[in-house]
Amino acid sequence: MKALIIVDIQNDFLAGGPLAVKGGNELIPVINRIQGYFDLVVATQDWHPKEHASFAVNHTNKKLFERTYIEGFEQVLWPAHCVQGTSGSDFSSQLDQSRVEVVFRKGTDRLIDSYSAFYDNRKRRSTGLSGFLKHKNASELFFVGIAGDYCVNYSVRDALEEGFSVSVIEDAVASIDAASFLAIKMDLVDSGVKFLRSDDFL
Ligand code: VGL
Ligand code: ZN
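Bear in mind that the values here come from a model prediction, so they are computed numbers and not experimental data.

Let's shift gears to the overall build of the chain. A count of helical and extended segments in the chain gives four helices and eight strands. Its helices and strands in sequence order give the chain the pattern β-α-β-β-β-β-α-β-α-β-α-β, from N to C terminus. Computed over C-alpha atoms, the radius of gyration of the chain comes to 16 Å, within 12% of the 17 Å expected from 2.2 N^0.38 for 202 residues, which places it in the range of a compact globule. Seen along its three principal axes, the alpha-carbon backbone of the chain occupies a region of about 50 × 30 × 30 Å. Expressed as a percentage of contacts within the chain between residues at least 6 apart in sequence, the contacts between residues at least 24 apart total 74%. Surface summary for the chain: the accessible area is close to 9300 Å², and the carbon and sulfur share equals 49%. Counting 21 positive and 27 negative side-chain charges, the chain places the averaged centre of each group 3 Å from the other.

Here it is, written out as structure tokens:
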């Protein structure tokens, strides 16, 4: 069984948002076009309280994108984004959600960021995604979405650890830093992740 995991297609990561990722909007028609090729479609949603410790504004004397430590764990300080219940946390109105069975939310703990669709960054709490996919007999996972160098990257690594066969649909992923995604790609290929293109499904 093949499952498509749509990562964080939310307004704050798209054009005009505080953490807009270049090329993000262009992914949406691609993601809409391929959904029909999967037995199961799920989505993730970054879902932070407004006091979230990953936001630079919630610290004094810290700059945007600076790396700091929170309770001893490294943390990049982001612009405030995907605050629970705001329009910025909504999925893009362009995204076809008709086949999305379940939405897995992450990043709700004020002190612990959560890039992966499976576990928070300290591996304390599970979203339940792994158990859900196994219950549904999904063994082959295909990842699309934002950001290739953060949430997609962390999700793919956890998916491998959970024993799934993992592919990334490269033209349906946008990254904050394209160069760092290239390095991540080489590492993931070495770990057994397949990189495909959306035309491969046609
Ligand atoms: C993400 C930074 C902060 C992502 C989420 O979706 O990749 N990046 N929160
Ligand atoms: Zn976030």
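For a regular strand, side-chain orientation follows a simple rule: the groups alternate between the two sheet faces. Of all seven residues in strand 2 (residues 40-46), seven are buried; the element is thus mostly enclosed. By the alternation rule, side chains of strand 2 split into Leu-40, Val-42, Thr-44 and Asp-46 and Val-41, Ala-43 and Gln-45, which are all buried. Relative to strand 2, strand 1 (residues 2-7) runs parallel, the two sharing five bridges. The partner of Ala-3 across the bridge, within strand 2, is Leu-40. With helix 1 (residues 24-34) bridging strand 1 and the parallel strand 2, this β-α-β connection has right-handed handedness. In the sheet, strand 2 pairs with strand 5 (residues 100-106) via six bridges, with the strands oriented parallel. Each bridged residue has a counterpart across the sheet, and for Asp-46 the counterpart in strand 5 is Lys-106.

Once that is clear, we can look at the packing of aromatic side chains. In this structure the tally under the stated criterion is 12 aromatic pairs. Within the aromatic cluster, the residues linked to one another by ring pairs are Phe-65, Trp-78, Tyr-115, Tyr-150 and Tyr-154. Sitting over the face of the ring of Trp-47, Arg-105 holds its NZ or CZ atom 3.6 Å from the ring centroid.

Before going further, it helps to spend a moment on the sheet that holds strand 5. Across the sheet, six strands lie side by side as 5-2-1-6-7-8; this open sheet has parallel pairing. Every other strand in the sheet has two partners, leaving strand 5 and strand 8 (194-196) as the edge strands with one partner each. With direction set aside, neighbouring strand axes in the sheet form an average angle of 25°. Across the face of the sheet, helix 1 comes into contact with strand 1, strand 6 (140-146) and strand 7 (165-174) while running at roughly 130° to strand 7.

Before going further, it helps to spend a moment on the packing of helix 3 (residues 148-161) against helix 4 (residues 178-190). Running from N to C, helix 3 and helix 4 point in directions that differ by 10°, and their axes come no closer than 10 Å. The pairing of helix 3 with helix 4 is recorded here as roughly parallel in orientation. Contacts between helix 3 and helix 4 pair Gly-148, Asp-149, Asn-153, Val-156 and Arg-157 from the former with Ser-180, Phe-181, Ile-184, Asp-187 and Leu-188 from the latter. Here the residues of the contact of helix 3 with helix 4 sort into four nonpolar, three polar and three charged.

With respect to the helices and strands, Ser-191 occurs in the loop between helix 4 and strand 8. Note on Ser-191: relative accessible area 40%, which makes it partly exposed. Spatially, the C-alpha atoms of Ser-191 and Arg-157 are 8.8 Å apart, while their sequence positions differ by 34 residues.

Another aspect to go through is the coordination of the zinc ion (ligand 2). Looking at the zinc ion (ligand 2), the protein donor atoms are Asp-46 (OD), His-48 (NE2) and His-81 (NE2), and they sit 2.0 to 2.2 Å from it. Binding-site remark: the zinc ion (ligand 2) is held by donors from one chain whose sequence spacing is D-x1-H-x32-H. A residue is classified by how much of its surface remains accessible, and His-48, at 0% relative accessible area, is buried.

Cut-offs and rules
Residues numbered from 1 in each chain as written. Chains lettered and ligands numbered in written order. Predicted model: local features only at pLDDT ≥ 70, side-chain atom pairs only at ≥ 80, totals over all residues. Heavy atoms only, no water. Helix = DSSP H or I, 4+ residues; strand = E, 2+ residues; numbered from the N terminus. Rg over C-alpha atoms; globule rule 2.2 N^0.38 Å. Contact = heavy atoms within 4.5 Å. Areas by Shrake-Rupley, 256 points an atom, 1.4 Å probe, with all protein chains shown as cover. Lys, Arg positive; Asp, Glu negative; His and termini not counted. Charge placed at Lys NZ, Arg CZ, Asp CG, Glu CD. Buried < 20%, exposed > 50% of the residue type's maximum accessible area, 1.4 Å probe, protein only. Pairing = 2+ DSSP bridges. Right-handed = clockwise from strand over helix to strand, strands pointing away. Phe/Tyr/Trp six-rings, centres within 6.5 Å; stacked < 30°, edge-to-face > 60°. Lys NZ or Arg CZ within 6 Å of the ring centre and 35° of its normal. Axes fitted to C-alpha atoms, helices over the stretch in contact; angles between N-to-C directions. Parallel < 35°, antiparallel > 145°, perpendicular 65-115°, else oblique. Nonpolar A, V, L, I, M, F, W, Y, C, P; charged D, E, K, R; others polar. Donors = N, O, S within 2.8 Å, 3.2 Å for Na, K, Ca; no water.

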